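# Secondary and tertiary structure notes
One-letter residues, chain by chain:
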Amino acid sequence: MTAAPGVTVVVCAYTLDRWRELELALAGVLADPVPHDVVLVVDHNEELLARATTRWPDARVLPNTGARGLSGARNTALREVRTDLVAFLDDDAYPTGDWLAELLAPFDGADVVATGGVAHPVWPDVARPAWLPEELWWVVGCSYRGQPDSRERVRNVMGCNMAFRTAPLCAIGGFNPDLGRVGIYPVGGEETEACLLLGRLDPSWRISFVPTAVVRHHVTPNRTRFGYLVQRSYCEGLSKATLARQAGAGAALATETGYVRTVLPAAVLRELRHPRGGGLAAAAGVAVSVLAAGVGYARARVVPASLRPERQPLPSLVGNPG
């Protein structure tokens, strides 16, 4: 692989309920000084598609031509990308500082196949829940305590703020529709599987964490409810079980095993030392999250979901992956 001469930024959207957030995301992307193409994919919503096409004439606004959901929308974009690099930003996140330049900088190394940045929360007009310590901020789609905090090689990237070399990503079939979020149903893990498959395709490739590539990620009010913690954690267990079947438990769960064994116990002990400052609620949140994820994982292992046939490489407009 060679250094990439260009990049396409992809944003996927599915609902008019996030129109204000989508405007912030596109404003940040379109104003970025790094030369780039912009693709906005609308997931099976004709009203949103029409409105977005009128609102952003400088972007390529496309309907999702694949399976409903985030993975199908991202794969639709991949089929249209003409640049060697492709970056992904969530529709409810917006870039800060030199986001794109920082996210792309590691690709100067020919062995870097993917990069991922940081997502800081933008809380709604309600207090941050006492039962949600920073170790659980992944539940609301943000960076969390226990993640790397310096530039280093990592297993996978965070879906709301990531970039890839386009040809290798197409070569593995893009993102798995069995794992990607569909509407508000909080399943995930498709970017983790993509990173694992890239490592299998060529073990010499590196995935780089970039702490200076920062986005702000909106947290919707429904995600501050205790029921969402339970649902999201349960779905995380489902996703990890699917990953374990497809990639092997060792590769799929290595990072999570260390997180559960070291990061979460330390969080519980810390919070229990301060029970009057919301510590009991935070410790309970950790316990409930682990339990819900375990139930989801066990259920999916006992009653595995019906998976689609093995994915084929996506057609790429930028050449071969090697």
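Just so it is clear, the structure is predicted and the values come from calculations on it, not from any experiment.

Turning to the overall build of the chain, a few remarks are in order. Secondary structure assignment for the chain yields nine helices and nine strands. Going through the 322 residues of the chain one by one, you find that 52% of them count as buried. Considering only residue pairs separated by 6 or more positions, the chain has 79% of its internal contacts joining residues 24 or more positions apart. Accessible area for the chain stands at about 13,900 Å²; split by element, carbon and sulfur atoms hold 56% of it.

Here the focus is the packing of helix α1 (residues 19-31) against helix α2 (residues 46-55). Their axes nearest at 13 Å, the elements α1 and α2 cross at an angle of 35°. Considering how the two elements wind past one another, α1 and α2 form a crossing that is right-handed. The segment α1 lies against α2, with W19, L22 and E23 engaging L48, R51, A52 and R55. Residue classes in the contact of α1 with α2 are distributed as four nonpolar, no polar and three charged.

Moving on: the pattern of salt bridges. Tallied over the entire structure, the rule returns 16 salt bridges. Measuring nitrogen to oxygen at the nearest pair gives 3.4 Å for the salt bridge that ties R20 to E21. Taking relative accessible area as the criterion, E21 reaches 12% and is therefore assigned buried. Through salt bridges that share partners, E134, E135, R145, R270 and E271 make up one connected network.

Glancing now at α2. By the burial criterion, the buried members of α2 are L48, L49 and A52. End-on, the buried residues of α2 take up no more than an arc of 100°, which puts them together on one face. Looking at α2, the residues exposed on the side facing more than 90 degrees away from the buried face are E46, E47 and T54. Capping of α2 at its N-terminal end is provided by N45; its side-chain oxygen lies 3.3 Å from the backbone amide nitrogen of E47.

This paragraph deals with the pairing of strand β3 (residues 60-63). For strand β2 (residues 37-42) and β3, the ladder comprises four bridges, and the chain directions are parallel. Bridge pairing in β3 links V41 to L62. The parallel pair β2 and β3 is bridged by α2, and the resulting crossover is right-handed.

Taking 1.5 Å per residue, 13 residues should reach 18 Å; α1 reaches 18 Å between its end C-alpha atoms and fits that length. For α1, every residue scored as buried is listed here: W19, E21, L22, A25, L26 and V29. Looking down the long axis of α1, one finds its buried residues gathered within 155° of arc, a one-sided arrangement. For α1, the exposed residues lying more than 90 degrees away from the buried face are R20 and A31. In this fold, the buried residues of α1 make contact with β1 (7-13), β2, α2, β4 (85-90), β5 (93-95) and β9 (206-218).

Once that is clear, we can look at the side chain of T8. The residue T8 is located in strand β1 in this model. On the basis of relative accessibility, which here comes to 0%, the residue T8 falls in the buried class. Residues contacting T8, with those up to four places away along its chain left out, are D37, V39, V81, R82, T83, L85, V86 and A87.

What follows deals with the side chain of T224. Mapped onto the elements, T224 comes out in the loop between β9 and α7 (226-247). In this structure the side chain of T224 is engaged in a polar contact, spanning 2.6 Å, whose partner is the backbone oxygen of P221. Excluding residues that lie within four positions of it along the chain, T224 makes contacts with P124, V126, P129, W131 and V219.

Okay, the packing of aromatic side chains next. Tallied over the entire structure, the rule returns seven aromatic pairs. Residues F88 and F164 carry aromatic rings whose centres are separated by 6.3 Å and whose planes lie at 75° to one another, so their mutual orientation is edge-to-face. On the criterion of sequence distance, the pair formed by F88 in strand β4 and F164 in strand β8 (residues 161-165) is long-range, its members being 76 residues apart. Take F88 and F164: they sit in the same class, and that class is buried. Between the aromatic rings of F164 and F175, the centroid separation amounts to 5.9 Å while the plane-to-plane angle is 80°, which identifies the pairing as edge-to-face. Highlighted residues: F164 in strand β8 and F175 in the loop between α5 (166-171) and α6 (190-201), separated in sequence by 11 residues.

What follows deals with the environment of R165. With respect to the element layout, R165 can be found in strand β8. The exposure class assigned to R165 is buried, which follows from its relative accessible area of 4%. Residues R165 and T115, spaced 50 residues apart in sequence, show a C-alpha to C-alpha distance of 9.3 Å. A distance of 3.0 Å separates the side chain of R165 from the backbone oxygen of F107, its partner in a polar contact.

What follows covers the environment of Q312. Residue placement: Q312 occurs in the segment after α9 (279-302). Residues Q312 and I172, spaced 140 residues apart in sequence, show a C-alpha to C-alpha distance of 7.2 Å.

Procedures and definitions
- Residues numbered from 1 in each chain as written.
- Predicted model: local features only at pLDDT ≥ 70, side-chain atom pairs only at ≥ 80, totals over all residues.
- Heavy atoms only, no water.
- Helix = DSSP H or I, 4+ residues; strand = E, 2+ residues; numbered from the N terminus.
- Buried < 20%, exposed > 50% of the residue type's maximum accessible area, 1.4 Å probe, protein only.
- Contact = heavy atoms within 4.5 Å.
- Areas by Shrake-Rupley, 256 points an atom, 1.4 Å probe, with all protein chains shown as cover.
- Axes fitted to C-alpha atoms, helices over the stretch in contact; angles between N-to-C directions.
- Left-handed = near helix turned anticlockwise from the far one by under 90°.
- Nonpolar A, V, L, I, M, F, W, Y, C, P; charged D, E, K, R; others polar.
- Salt bridge = Lys/Arg side-chain N within 4 Å of Asp/Glu carboxyl O.
- Arc of directions from axis to C-beta.
- Polar contact = N/O pair within 3.5 Å; in protein donor to acceptor, adjacent residues only side chain to side chain.
- Pairing = 2+ DSSP bridges.
- Right-handed = clockwise from strand over helix to strand, strands pointing away.
- Expected span 1.5 Å × (residues − 1).
- Phe/Tyr/Trp six-rings, centres within 6.5 Å; stacked < 30°, edge-to-face > 60°.

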